[in-house]
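Close look at the chain arrangement
So the chains spell out like this:
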Amino acid sequence: MARSSADDMELRRACQAAVDGSSAGGKHKVVLSIRVAKSRGVWGKSAKLGRQMAKPRVLAITTKSKGQRTKALLRVLKYSTGGVLEPAKLYKLKHLSKVEVIQNDPSGCTFTLGFDNLRSQSVAPPQWTMRNKDDRNRLLLCILNLFKEIMGRLPKVVGVDVVEMAIWAKENTPAMSKQMKTENGPDDSGMAESDSTVTVEKDLVSQAEEEDMEALLGTYLMGIGEAEAFSERLKREFLALEAANVHALLESEPLIEEIESRNNTLELQTANNKLLTKELDRLLECLHIPNEIAECLTDGSFGEAHMVKIIEACEWLSRAINVLEGQNLALQYTNMRAVKEKRAELKILKSTFVRRASEFLRNYFASLVDLMLSDKNNFSQRGQLKRPDHADLRYNYRSYARLLQHLKGLDKSCLGPLRKAYCHSLNLLLRREAREYANELRSNTKPTRSSTFSLEAPVGSNLTANSTDTSSVSEVYSKMLTVFIPLLVDESSFFAHFMCFDIPMLLLHGDPTNVSNNGIGASENHQNLTYANGTDAKTSHSLDDTMALNEALQELLDGIQEDFHAVIEWGCKIDPLCCISMHGTTERYLSGQKADTAGFVRLLLGELESRISVQFRRYVDEACHQIEKNERNVRQMGVLPFIPRFATLATRMEQYIQGQSRDLVDQAYTKIVSIMFVTMEKIAQADPKYADIVLFENYAAFQNSLYDLANVVPILAKFYHQASELYEQACTRHINMVIYIHFEKLFLFARRIEECLQSSPAEEIPFIVGLSKVDLRKTLKSTFSGLDKSANAMYKKLQKNVTSEELMPSLWEKCKKEFLDKYDTFIQLVAKVYPKETIPSVVEIRDLLTPM
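In the nomenclature of an unreviewed UniProt entry, the protein chain corresponds to Exocyst complex component SEC3A-like isoform X2 from the organism Dioscorea cayennensis subsp. rotundata. Within the UniProt record for the protein chain, the comment given under Sequence similarities (unreviewed entry) is "Belongs to the SEC3 family."

Description of the overall build of the protein chain
For the protein chain, the helix and strand inventory stands at 29 helices and 10 strands. Taking all contacts inside the protein chain whose residues are at least 6 apart in sequence as the whole, residues at least 24 apart take part in 72%. Accessible surface for the protein chain amounts to roughly 46,300 Å². Of this, 53% is attributable to carbon and sulfur atoms.

Some points on the pairing of strand β5 (residues 96–101)
Inspection of the sheet shows β5 paired to strand β6 (residues 110–115) by 5 bridges, in the antiparallel sense. The partner of V99 across the bridge, within β6, is L113. Pairing of β5 with strand β8 (residues 156–158) involves 3 bridges; the strand directions are parallel. Looking across to β8, one finds that V99 is bridged to V157.

Description of a positive patch on the surface
Taken together, the side chains of K66, R69, K71, K92 and K94 make up a positively charged region of the molecular surface. Take K66: it is sitting in strand β2 (residues 55–66). Among the residues examined, K66 registers a relative accessible area of 42% and is labelled partly exposed.

A short note on the sheet that holds β8
By definition, the strands of a sheet pair up through backbone hydrogen bonds, in either a parallel or an antiparallel sense. Read from one edge of the open sheet, 8 strands run β4-β3-β2-β1-β7-β6-β5-β8, paired in mixed fashion. The sheet terminates laterally at β4 (85–92) and β8, the two strands that pair on one side only. When strand polarity is set aside, the average angle formed by the axes of neighbouring strands in this sheet is 35°. Pairing between β6 and strand β7 (residues 126–129): 3 bridges, direction antiparallel. Its bridge partner lying in β7, F111 is registered against W128. Along the sheet, helix α1 (residues 9–21) makes contact with β1 (29–40), β2, β3 (69–79) and β4, crossing β1 at roughly 95°.

Cut-off values and rules
- Residues numbered from 1 in each chain as written.
- Predicted model: local features only at pLDDT ≥ 70, side-chain atom pairs only at ≥ 80, totals over all residues.
- Heavy atoms only, no water.
- UniProt positions renumbered as here; feature names shortened; annotations may be inferred.
- Helix = DSSP H or I, 4+ residues; strand = E, 2+ residues; numbered from the N terminus.
- Contact = heavy atoms within 4.5 Å.
- Areas by Shrake-Rupley, 256 points an atom, 1.4 Å probe, with all protein chains shown as cover.
- Pairing = 2+ DSSP bridges.
- Patch = residues over 30% accessible without salt bridge, like charges linked within 9 Å, V, L, I, M, F, W, Y side chains within 5 Å.
- Salt bridge = Lys/Arg side-chain N within 4 Å of Asp/Glu carboxyl O.
- Lys, Arg positive; Asp, Glu negative; His and termini not counted.
- Charge placed at Lys NZ, Arg CZ, Asp CG, Glu CD.
- Buried < 20%, exposed > 50% of the residue type's maximum accessible area, 1.4 Å probe, protein only.
- Axes fitted to C-alpha atoms, helices over the stretch in contact; angles between N-to-C directions.

Structure (structure tokens):
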């Protein structure tokens, strides 16, 4: 057999030199060195031999002793360009986890070594191929023995039988040792190798066991021809041993069962005792109150610096109470005296803490507000408007938000007094801020006081007296809303969240029963707040919180409306028409408010809107009363004074319209104009002789004064057309009267013909007395012989009582047209009853009247 490279001392010295020359060499000594071929495998697949290029390498095992410990390394060395060995890789044997002989190699000379400390476990380890199995076994035995000596155990071995390797070691170690001694003399590595082999042997079969086996086998030594007898003897002895074992088992069965039963009982008791101990430990842990927790809850400070400890103590107390609740505690523990006592102790601890915390927060709320009230710089002063700023106040409040949440969880009933204390203190601040701000706004606004606009003054007097600009009055109210409505919305929302109301979303509801009849809630149009949740399960709980929130918000904001009322009344005294712009501003804010926790602010805005409407209606009622006074006069001719003054009033009202106040103004127009028309009819009826003249003159004046406004205001356009119809009717009645006065004979003759035609045929009419042809000719002669005089008299009659000269041209044209229409009807009657009579045509009469 060829000499193994493991016995090549020259190779070993080269490896030792390479190890000594490396930075990690230290005092390591080469125990074994052997040449191998390195190739690369693939995870999950055994590489086929010859498919990859094999690289020559040298594997060297080195050791280093540190006291009683031995450090072993597996070094991989490669040949440099000059044929000198140099380190390529280093593995620590203590990390060896697997030795696997590749099964696809028929020679059995290829294996892999797996280490558990490699950075990338996804890369397949290299495969090492030896010249023969002897070299393989020699290397693997050395590795396994060193690993057993270091770790006290063997790594996982796959693909090779350890017993087979032990037998090989026993057969080959003496020869190898002898060869090494004769050639190289005693060598430490050879000794180490022999010792390693003996170690493996002892691990597999000890020396004493081997001697006993040899003695046993020696008792069975027989001749070569006695093999069958030896086999039969073994079978008999085996059967005898089996029978003896079975008999022994049957005899010991009761004893075994007794012992097993006792063991089972003991095991059950042990398991129960362990569970009981564990459960009692858990219960004791629940019942134990730490001293620091108790001290913090009963005597701890509520300053901001101590809030973290206070919150932790609250959380512990909540958990402890929750654990001892009946639904969270096992039924058998509920009535235990220790549990009852501890539950009572926790209840006392809770009530003590809730009382202390509530008292602190009530005082804290009042102290913060008192601090702000005592500083005049927080409010508007003479010559300086101060916008309210609650940022610092809310910041201080938020420090105790979590404390309030825990108080709600511990005792929800304590929140009622806290909410009242919060609302009372903050209400004082809000009212003071609103009062000072409103006073300073009014003092800074100096508009010229406008006299109350009167509709009963005579025509031409003081029509421009109310043209004074009073927009600054409306600006005061607008600034009040701009500053305080967002503030009140924020305060309402902050209050609802800070004071832990379980209402995630609020909507306005039409039931006002939950709002008191005082303050803001006095308006019959007010709406209440309800919880916007469609589920029935939470209805009762949400309604309770809704009612509580309504009451609290009323306490928070009640009284602040008085300062808004003062501004409204102040503005109305200066100029009642400011109500229009104030109403529009209020409606704009109402439409911009969402239905949330600030819904109570909507009630405030709605109450302000109603108050402004009442003030404006009072002004409109007074205007209507002034119009009605005109009907008491004995006789009035010409245009009534309230007609042109109403046009001036309407022009000013249109200038004040903002936002959605159109309806308010339109209602005023409707009421005033209706009263005007009714009053005109009553005044006209006072003197029936001139009734139509009064009517058509005033209706004409109404149209002329409102012509421009009627083009842009729909409600005025409606009254414009109504006045136009009434004007036409009055004109027609008056013109007919004038025509009948001057052409009475002609149209009386026509009326008699019409009456006779209802009872007699047309051909009989000329034979009736007074309707003969002679009578017809006399009537026509008397009418048309003085037509120019009659027409002039008719014009003068029209002109006599009409005070508005600009109406005469249109009246005269209407008069001529009406006369010609009536004359045309007369011609048709004559043609029907007197077909052979010739009378002047309509065209001839028109030509006569045209130049007049």
